[in-house]
Amino acid sequence: MSGPISRGFRGLRRTPAGAEGRVPPGQYVTDDFPVLSAGPTPHTPLDQWTFSITQGGETEKSWTWGELQGLPAETVTRDIHCVTRWSKLDTEWRGVSVDTLLDQAGGDAPYVLAFCDGGYTTNLPIEDVTGGQAWVAFSYDGGPLESEHGGPARLLVPHLYFWKSAKWVRGLDLRDENEPGFWETYGYHMYGDPWKEQRYAGD
Amino acid sequence: MDALDGNAIGGLLIDAFSTEMTAASSTCGTCGAIRPVAELVVYRQAPGTVVRCRTCGSVLMVFVTVRGVICADLTGLASLSQPEPA
Amino acid sequence: MEGTAVRRRLTWQAATVTSLTRETASVVTIELDPPDWPGHRAGQHLDVRLTAEDGYIAERSYSIASAPGEPLAITVERLENGEVSPYLTQELRAGDELELRGPIGGYFVWGPGDRSPLLLLAGGSGVVPLRSILQDRSRTGSDAPARLLYSARTLADVIYRDELDRYHDGAEVIYTLTRAQPPGWTGHSGRVDAALLAQVAWPAGASPLAFVCGPTNFVEAVAAGLVDLGYPPERVKTERFGATGGR
């Protein structure tokens, strides 16, 4: 569904040498870091911010900002892939592993629903946010995570499309059912593996 | 990143509804605010287009294009109306 | 009839670029010759679609700068990290084809049948659709009193300056420069505020019609200011271009 070629138009994309095998199908690499949002940027003051693990209406464990900062944190470098087709390679993040948070909270369930300031949600199987695959990230590229990119903290799950890396995350709700979150409700894939190009429900 | 308004999705609305819709009157299903679609708050830089009430921020419309089909979720609206063509 | 008119707007068509005119250091007006243009109303916009050789597609909306009856033209501001605007303002040449569809818009529109006192408020490149309205008013001999309040960073950033300075037929143009003023500047300085609005706006009792266009922050501050002056919200039409004043 496209028209005549626009002479000389390339956009902002590039195909870097050595990136073969790192770019999932249908993606292009960008040096930019596009800001995508479904709503206004929330601004919860840090002295009111908490991250919680909840289940069945109960809070299993909650951390204040200070308490989160006191937990062991990791610096990781990962490629990220947005369903809108841009990929960004070698992005550096610092955060607390979700394994650490779940271990301290106890409780168990097959799925989690991440919930965020502003009402955004996204669903994931618990095995995709454990085993060193997910973080609550508060630093990007060596500095504090900017609010437009999800600061003070966002979920980081780089092996799935980046809509699963929920911005302004405030907690994970442990669930028995895989209930669709915001974009999943509107037609996006429940799982979102970029290597299988699972963009939309039914892919 | 600032939000736009309903003017920015004039083309999308024609694609979805086969008619000009920016002057249509919308009623928010959450707070009851009545506004032309052109005055709603629009977030386009996303996996889909999200249209919110300017008064209470509730999601009124979400448009996602899935495999060439425009899916419009209007469940946040109480109503949408515009005059019949002359 | 109605169905046919809408179907033509839905269709993409390849228009030939007939000329490019540099308006300011970062702004270019592109004149277009589409094969099947149905005409438009002042204030409307069109969508542009670019396709790269590998099939990558980018789409943007641009306000129509030309008045009904003039050769179709859009005015584009080059955005610093833009994807489409650098191409349109620096790469595109006369003779190239540009895919477009339109006209689009039924809310932010003006027609010469409306005789209300007209108040146009432009922030930066928000002046583009307002220029279309002013030109339409002039070309149709409308006697509706009109004022344009145009907020720009510097005098060099004012688009259509020569043309705007030439309006004498009951259309008044007032500038305010927000970042720097030339030596001897006797016009306004700084952002549009309540005092300047009170000075420039037609009294609410005259049943004026206002069009506000520009960056989101500008539009929201000015629209709120007009409502504070007693303008009914439905008499203040708004079009937001986003943070950087373009798309």
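As a reminder, the structure under discussion sits directly above these lines.
Now for a quick tour of the structure. (Residues numbered from 1 in each chain as written. Chains lettered and ligands numbered in written order. Predicted model: local features only at pLDDT ≥ 70, side-chain atom pairs only at ≥ 80, totals over all residues.)

Looking at helix α3 (residues 127–139) of chain C
Residues and elements named next belong to chain C.
(1) Moving on: The end-to-end C-alpha distance of α3, which contains 13 residues, comes to 18 Å, matching closely the 18 Å that a straight helix rising 1.5 Å per residue would cover.
(2) Moving on: α3 sits mainly inside the fold: 11 of its 13 residues count as buried.
(3) Moving on: When we look at burial in α3, the residues that qualify are Val127, Val128, Pro129, Leu130, Arg131, Ser132, Ile133, Leu134, Gln135, Asp136 and Arg137. (Helix = DSSP H or I, 4+ residues; strand = E, 2+ residues; numbered from the N terminus. Expected span 1.5 Å × (residues − 1). Buried ≥ 20, exposed ≤ 12 C-beta atoms within 10 Å, placed from the backbone.)

Things to note about the sheet that holds strand β4 (residues 57–63) of chain C
(1) Moving on: Taking strand neighbours across the sheet as the criterion, the six strands line up as β4-β3-β6-β1-β2-β5 (chain C) in an open arrangement whose pairing is antiparallel. Strands at the two margins of the open sheet, each flanked by one partner only, are β4 and β5 (73–77) of chain C. Going across the sheet, the axis of each strand differs from the next one's by a mean of 40 degrees, ignoring polarity.
(2) Moving on: Across four bridges, the pairing between strand β1 (residues 13–24) of chain C and strand β6 (residues 97–104) of chain C is antiparallel. Following the sheet pairing, Thr16 of chain C is matched in β6 of chain C by Glu97 of chain C.
(3) Moving on: The strands touched by helix α1 (residues 10–17) of chain B within the sheet are β3 (45–51), β4 and β6 of chain C, with β6 of chain C carrying the most contacts at an inclination of about 75 degrees. (Pairing = 2+ DSSP bridges. Axes fitted to C-alpha atoms, helices over the stretch in contact; angles between N-to-C directions. Contact = placed C-beta atoms within 7 Å.)

What to know about the sheet that holds strand β10 (residues 188–189) of chain C
Residues and elements named next belong to chain C.
(1) Moving on: Ordered by their spatial adjacency, six strands build an open sheet running β10-β9-β8-β7-β11-β12, and the pairing between neighbours is parallel. Two strands close off the open sheet at either side, each with one partner strand: β10 and β12 (236–240).
(2) Moving on: Alignment of strand β7 (residues 118–123) against strand β8 (residues 146–152), held across six bridges, turns out to be parallel. From the neighbouring strand, Leu119 faces β8, where its bridge partner is Arg147.
(3) Moving on: Along the sheet, α3 contacts β7, β8, β9 (171–177), β11 (209–214) and β12; its crossing angle with β7, the most-contacted strand, is approximately 150 degrees.

Details of the interface of chain B and chain C
(1) Moving on: Between chain B and chain C, the contact holds 19 residues from the first and 19 residues from the second.
(2) Moving on: Contributing elements (two or more residues each) for the side of chain B that touches chain C: β1 (4–5) and α1 of chain B.
(3) Moving on: Tallying contributions element by element places α1 of chain B first for the side of chain B that touches chain C, with three residues.
(4) Moving on: Taken together, the residues of the side of chain B that touches chain C sort by class into nine nonpolar, six polar and four charged. (Nonpolar A, V, L, I, M, F, W, Y, C, P; charged D, E, K, R; others polar.)

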